Amino acid sequence: MSHKKIPLAGVIGHPISHSLSPALHGYWLRQYGLAGHYVPMDVAPEDLEPVLRGLHKAGFVGCNITIPHKEAALALADEVTERARLIGSANTLVLGADGRIHADNTDGFGFIANLKQSAPEWEPSAGPAAVLGAGGASRAIIVSLLEAGAPEIRLCNRTRARAEALAEAFGPKVKVYDWADAASIFDRVATAINTTSLGMAGQPPFDISLDLLPATALAADIVYVPLVTAFLQKAQARGCKIVDGLGMLLHQGCPGFERWFGRTPEVTEALRAEVLGK
Ligand code: ATR
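Quick caveat: nothing in here was measured; it's all calculated off a predicted structure.

### Considering the site of the ligand
For the ligand, the set of nearby residues contains 14 residues, the closest of which are Ala134, Asn157, Arg158, Thr159 and Arg162. The separation between an oxygen atom of the ligand and a polar main-chain atom of alanine 134 is 2.9 Å. At a separation of 3.4 Å, an oxygen atom of the ligand approaches a polar backbone atom of alanine 137. Protein burial of the ligand: of its 640 Å² of free accessible surface, 72% is covered by the chains. Each residue belonging to the shell around the ligand can be placed in one class, and the counts come to five nonpolar, seven polar and two charged.

Below is the structure:
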């Protein structure tokens, strides 16, 4: 009698208790009746390398990587996808049969897949995209917007130098604006995105005017607590279609699940409700 190993996957971060990924992958495993486990792993930075090197022998087929390990995981990988290289960090690792570590970053993919599912009529090439914020999420989103055909990205960050450092990697399509001029970046855009924590519970309010934002634009936030942020409320009041940040999280998990467990998962309303209930 042969015993097939049950595939293991999980998410590595520090801390990890707030991660919604175990609820996400656990839901899909149950929903599709697949053998497999997905576990949260709290790993301190100094332990990341030995943990990653030991995962294959412990029965893991891969894992997600979250804060603060995304850059370090990329550096430790044996192979790196082009999009992970461009984004400069890894959120999804696949372990080969030989134990080699393949690193990918699915954040930008998840962002675009969510917008396409939530707003099928959205046409990223129809006009410039306005992006508030210049952190890690912003970088992944800019990579994916350019790939999706956005003709221009207007990037605006409180700390201008951070936006400039980010824009440098992309060439002339990414234009940097002063924080004082934030309201101006929304003029005639096809897409407007907030990647800052403004308006999040416990953070300062979102006080940028959206008076120039056209009603035809699609507005997206990466924050999902609350689901409808102050930025999205303002955009909705302008007549825009809005997309909350939860879908990006759910969609970024799809490529990893497919690689580890062999089934392409779906992002459904039932999944949203399940994850929100956690
Ligand atoms: P992430 O990886 O999720 O993008 P991050 O790297 O911490 O997170 O970036 C947070 C973003 O929110 C940054 O663009 C930050 O601006 P700074 O680069 O100036 O720090 C922005 N942000 C956070 N608090 C803000 C505030 N009160 N006003 C304006 N921008 C803010």
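Following the structure, the description resumes.
### Observations regarding the packing of helix 1 (residues 21-31) against helix 11 (residues 269-276)
At a closest axis distance of 9 Å, the pairing of helix 1 and helix 11 adopts a crossing angle of 135°. One way to sum up the angle between helix 1 and helix 11 is to call them oblique. Note on packing geometry: the crossing formed by helix 1 with helix 11 is right-handed. Here Leu24, Tyr27, Trp28 and Arg30 of helix 1 come into contact with helix 11, specifically with Ala270, Leu271, Glu274 and Val275.

### Things to note about the pairing of strand 9 (residues 174-177)
Because side chains alternate across strand 9, one face comprises the buried residues Val174 and Val176, and the other comprises Lys175 and Tyr177, none of which is buried. Pairing analysis gives four bridges linking strand 8 (residues 153-156) to strand 9, with the strands arranged parallel. By the bridge assignment for strand 9, cysteine 156 is matched with tyrosine 177. Following the backbone out of strand 8, through helix 7 (residues 160-168) and into the adjacent parallel strand 9, one traces a crossover that is right-handed.

### Overview of the sheet that holds strand 12 (residues 241-243)
Pairing is parallel across the open sheet formed by six strands, whose spatial order is 9-8-7-10-11-12. Looking at the sheet topology across the chains shown, the edges are occupied by strand 9 and strand 12. Neighbour-to-neighbour, the strand axes of the sheet open up by a mean angle of 20°, direction not taken into account. Here strand 10 (residues 191-194) pairs with strand 11 (residues 218-221) via four bridges, running parallel. By the bridge assignment for strand 11, alanine 192 is matched with alanine 219. Its contacts with the sheet place helix 5 (residues 107-118) against strand 10, strand 11 and strand 12, and it is angled at close to 140° to strand 12.

### Focus on helix 8 (residues 230-237)
Residues of helix 8 that are buried: Phe231, Leu232 and Ala235. Projected down its long axis, helix 8 carries its buried residues within an arc of 95°, all on one side. Turning to helix 8, the residues buried within the fold contact strand 10, strand 11 and strand 12. Phi turns positive, to about 100°, at glycine 239, one or two residues after helix 8.

### Topic: unusual backbone geometry
Across residues other than glycine, the phi torsion is negative in most instances, and most of the peptide bonds are trans. Residue proline 15 is reached from histidine 14 by a cis peptide bond, and omega for that bond is 5°. Within the secondary structure layout, proline 15 lies in the loop between strand 1 (8-13) and helix 1. Phi at arginine 188 takes a positive value of approximately 60°, unusual for a residue other than glycine. Mapped onto the secondary structure, arginine 188 falls in the loop between strand 9 and strand 10. Note on arginine 188: relative accessible area 65%, which makes it exposed.

### A closer look at the side chain of aspartate 244
Turning to its location among the elements, aspartate 244 is positioned in the loop between strand 12 and helix 9 (246-252). Aspartate 244 sits in the buried class, given a relative accessible area of 16%. Within polar-contact distance, the side chain of aspartate 244 engages the backbone nitrogen of leucine 246 at 2.9 Å. There is a polar contact of 2.8 Å between the side chain of aspartate 244 and the side chain of arginine 272. Discounting residues that sit within four places of it in the chain, aspartate 244 has contacts with Asn114, Asp221, Leu227, Leu232 and Arg272.

Procedures and definitions
Residues numbered from 1 in each chain as written. Predicted model: local features only at pLDDT ≥ 70, side-chain atom pairs only at ≥ 80, totals over all residues. Heavy atoms only, no water. Near = heavy atom within 4 Å. Polar contact = N/O pair within 3.5 Å; in protein donor to acceptor, adjacent residues only side chain to side chain. Areas by Shrake-Rupley, 256 points an atom, 1.4 Å probe, with all protein chains shown as cover. Nonpolar A, V, L, I, M, F, W, Y, C, P; charged D, E, K, R; others polar. Axes fitted to C-alpha atoms, helices over the stretch in contact; angles between N-to-C directions. Helix = DSSP H or I, 4+ residues; strand = E, 2+ residues; numbered from the N terminus. Parallel < 35°, antiparallel > 145°, perpendicular 65-115°, else oblique. Left-handed = near helix turned anticlockwise from the far one by under 90°. Contact = heavy atoms within 4.5 Å. Buried < 20%, exposed > 50% of the residue type's maximum accessible area, 1.4 Å probe, protein only. Pairing = 2+ DSSP bridges. Right-handed = clockwise from strand over helix to strand, strands pointing away. Arc of directions from axis to C-beta.

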